[in-house]
Amino acid sequence: MPHHFSEIAIVILLCSLSAVLLTKLKQLPMVGYVLAGILIGPAMLGVISDEQQISFYAELGVILLLFILGIELELKSFRETYKIAVPATFLLIILSLAITFSIGLFVDLSLNEKLVYGFIISLSSTAVAVKLLSSVGLLDKGPGQMAISILIAQDLLFVPMIMTINALGSDGGMNWDILPKMIGAVGVLVGLIIFLSKKERVHLLFEKTVEKHNDLIPVAALAWCFVFAGASEWAGLSPAYGAFLAGLIIGNSHSQDKVLPKIEPMESVMLMVFFMSIGMLIDFDVIVSNAGTIAALLLGTLIFKTIVCISLLRGFLPAERWRRSFIAGLTISQIGEFSFILAATALGNGIFDNESYKIIIAVIALSLVFSPFWMVLLRRFVDVAYDKRSAKNMSEAVKACVTHID
């Protein structure tokens, strides 16, 4: 019987040391997990080298991470801002598709690859956004509520995205038979969000019995998560979609206050598993041989998406709310956790070959590596424009951020 405890020890030790080092440098620990994953994975030390095993860990991490994030999301704030969040999200997706089609003029990408790449870069990282907003104390304030509302709107559109990828991957071309399932899945999510945002709280099955025994609370929560994930997979959808729905229901139930403290410690572990897995999937040979494509997609994401997010929100918000638009736009400029699922789905459906899959994984990982620069910019902007209010407009604030970063 093989023993893997030494491997586990190395993985956890390197992840912990990397996270501690990045935290001491006042950066996001997720970047440390990505770097540790690169070191642990096949690209370097090869502590874990089975790519299928790595992909499974990443998907498991996404399922549990999105379950927890679903519990934490405040749907009532979405009701107040959805008239801005939904159209802004639609426009972001359209513009993301436009940039990938533009990149396709210079690099060799098929039509289906352009569509999937556009979907992937349009989605934002809930985990990174929450950490960024928490670091500057704005998660529960205006800019944070706007950013979270856009993330919820993106979650709504994730369902048609993944089903479109499944349809594109069919052997006979676009499979229109999947359209009713797509409409039904979106309808379920929209209906659930409307229902939960209107009601005060809902009751869960056996909640009184479970709440009498503290040790049963996390077990029951995980059961709830995987039942929904399994049902979603059985219905031909992503397991992560079902897990997210389960999180939304618990997050808007009477049990939320009791479940969240019990399940929150798991979030840190899931963050480590997911971002470490992304790092382990990095292939330096693929990066070197496709440097032009990766650079174009990375710059398109980092520069284009940041500018577009800020500009879109500034266009939707009144002129005097430029501070909110900049903060919210900056925090949603990272590529999201759902993007990994889209890439894996495209691989499974034959839209991506193994090399294309590794290209987009490299783009996702490298965008996370650059996130510390966005954190520094965000902290400086909040200081000069939100706290001290020494800048009178966005131009002055951006100039102060660029020229006087500590």
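Residues numbered from 1 in each chain as written. Predicted model: local features only at pLDDT ≥ 70, side-chain atom pairs only at ≥ 80, totals over all residues. Heavy atoms only, no water.

1. Comments concerning the overall build of the chain
Point 1. Secondary structure assignment for the chain yields 19 helices and zero strands.
Point 2. Evaluated residue by residue, the chain yields a buried proportion of 55% over its 406 residues.
Point 3. Look at the contacts in the chain between residues 6 or more apart in sequence, and 78% of them connect residues 24 or more apart.
Point 4. Within the structure as shown, the chain displays about 18000 Å² of accessible surface, and the carbon and sulfur contribution to it stands at 64%. (Helix = DSSP H or I, 4+ residues; strand = E, 2+ residues; numbered from the N terminus. Buried < 20%, exposed > 50% of the residue type's maximum accessible area, 1.4 Å probe, protein only. Contact = heavy atoms within 4.5 Å. Areas by Shrake-Rupley, 256 points an atom, 1.4 Å probe, with all protein chains shown as cover.)

2. Remarks on the nonpolar core
Point 1. Counting residues in hydrophobic clusters, the biggest one holds 146 residues, and the most contacted among them are Ile40, Phe67, Phe275, Phe340, Leu342 and Phe352.
Point 2. When residues no more than four places from it in sequence are discounted, the contact partners of leucine 342 are Val116, Phe119, Ile120, Leu123, Phe158, Met161, Ile162 and Ile165. (Core = buried A, V, L, I, M, F, W, Y, C linked by side-chain atoms within 4.5 Å.)

3. Describing the environment of glycine 236
Point 1. For glycine 236, the position within the fold is in the loop between α10 (216–234) and α11 (239–251).
Point 2. Judged by relative accessible area, glycine 236 falls into the partly exposed class, the value being 29%.
Point 3. C-alpha separation for the pair glycine 236 and asparagine 166, spaced 70 residues apart in sequence, amounts to 9.2 Å.

4. Some remarks on a nonpolar patch on the surface
Point 1. A cluster of nonpolar side chains, contributed by Leu91, Ile94, Leu95 and Phe316, occupies part of the molecular surface with about 310 Å² of accessible area.
Point 2. In terms of residue count, helix α4 (residues 75–103) provides more of the nonpolar patch than any other element does, three residues in total.
Point 3. Structurally, isoleucine 94 can be placed in helix α4.
Point 4. On the basis of relative accessible area, isoleucine 94 is assigned to the exposed category, the value being 51%. (Patch = residues over 30% accessible without salt bridge, like charges linked within 9 Å, V, L, I, M, F, W, Y side chains within 5 Å. Salt bridge = Lys/Arg side-chain N within 4 Å of Asp/Glu carboxyl O.)

5. Quick look at helix α6 (residues 126–135)
Point 1. α6 sits mainly inside the fold: seven of its 10 residues count as buried.
Point 2. Looking only at α6, the buried set comprises Thr126, Ala127, Val128, Ala129, Val130, Leu132 and Leu133.
Point 3. Glycine 137 sits one or two residues past α6 and shows a positive phi near 70 degrees.

6. Section: the environment of isoleucine 249
Point 1. Examined against the element boundaries, isoleucine 249 turns out to sit in helix α11.
Point 2. Contacts of isoleucine 249, omitting those with residues within four sequence positions, involve Leu192, Leu196, Val202, Leu204, Trp224 and Phe228.

7. Quick notes on the side chain of glutamine 334
Point 1. Relative to the helices and strands, glutamine 334 is located in the loop between α15 (322–331) and α16 (337–348).
Point 2. Given the relative accessible area of 1%, glutamine 334 is considered buried.
Point 3. Setting aside chain neighbours within four positions, we find glutamine 334 in contact with Leu123, Ser124, Ser125, Val128, Lys305, Ser367, Leu368, Ser371 and Trp374.

8. Considerations on the confidence of the model for the chain
Point 1. Confidence in the prediction of the chain, expressed as mean pLDDT, is 77, and 87% of residues score 70 or more.
Point 2. Across the chain, the element-wise mean pLDDT spans from 68 in helix α19 (residues 394–403) up to 86 in helix α5 (residues 111–122). (pLDDT = per-residue confidence, 0-100.)

9. Things to note about the packing of α10 against α11
Point 1. Viewed as axis vectors pointing N to C, α10 and α11 meet at an angle of 140 degrees, and their least axial separation amounts to 7 Å. One finds that α10 runs oblique with respect to α11. Considering the relative orientation of α10 and α11, their crossing is right-handed. Judged by residue contacts, Ala221, Trp224, Cys225, Phe228, Ala229, Ser232 and Glu233 of α10 engage Pro239, Tyr241, Gly242, Ala243, Leu245, Ala246, Ile249 and Ile250 from α11.
Point 2. Looking at the contact of α10 with α11 residue by residue, the class counts come to 12 nonpolar, two polar and one charged. (Axes fitted to C-alpha atoms, helices over the stretch in contact; angles between N-to-C directions. Parallel < 35°, antiparallel > 145°, perpendicular 65-115°, else oblique. Left-handed = near helix turned anticlockwise from the far one by under 90°. Nonpolar A, V, L, I, M, F, W, Y, C, P; charged D, E, K, R; others polar.)

10. Quick word on the environment of proline 29
Point 1. Within the secondary structure layout, proline 29 lies in helix α2 (residues 29–40).
Point 2. Each C-alpha atom of the pair proline 29 and methionine 272 lies 8.6 Å from the other, and the pair is 243 residues apart in sequence.

11. With respect to the packing of helix α14 (residues 291–316) against α15
For any two helices packed against each other, one specifies the crossing angle of their axes together with the interaxial distance.
Point 1. Relative to each other, α14 and α15 sit at 145 degrees, their axes nearing to 8 Å. In the packing of α14 onto α15, the handedness of the crossing is right-handed. Mapping the contact onto sequence places Thr306, Cys309, Ile310, Leu313 and Arg314 in α14 and Trp322, Ser325, Phe326, Ala328, Gly329 and Leu330 in α15.
Point 2. Its residues assigned to classes, the contact of α14 with α15 shows seven nonpolar, three polar and one charged.

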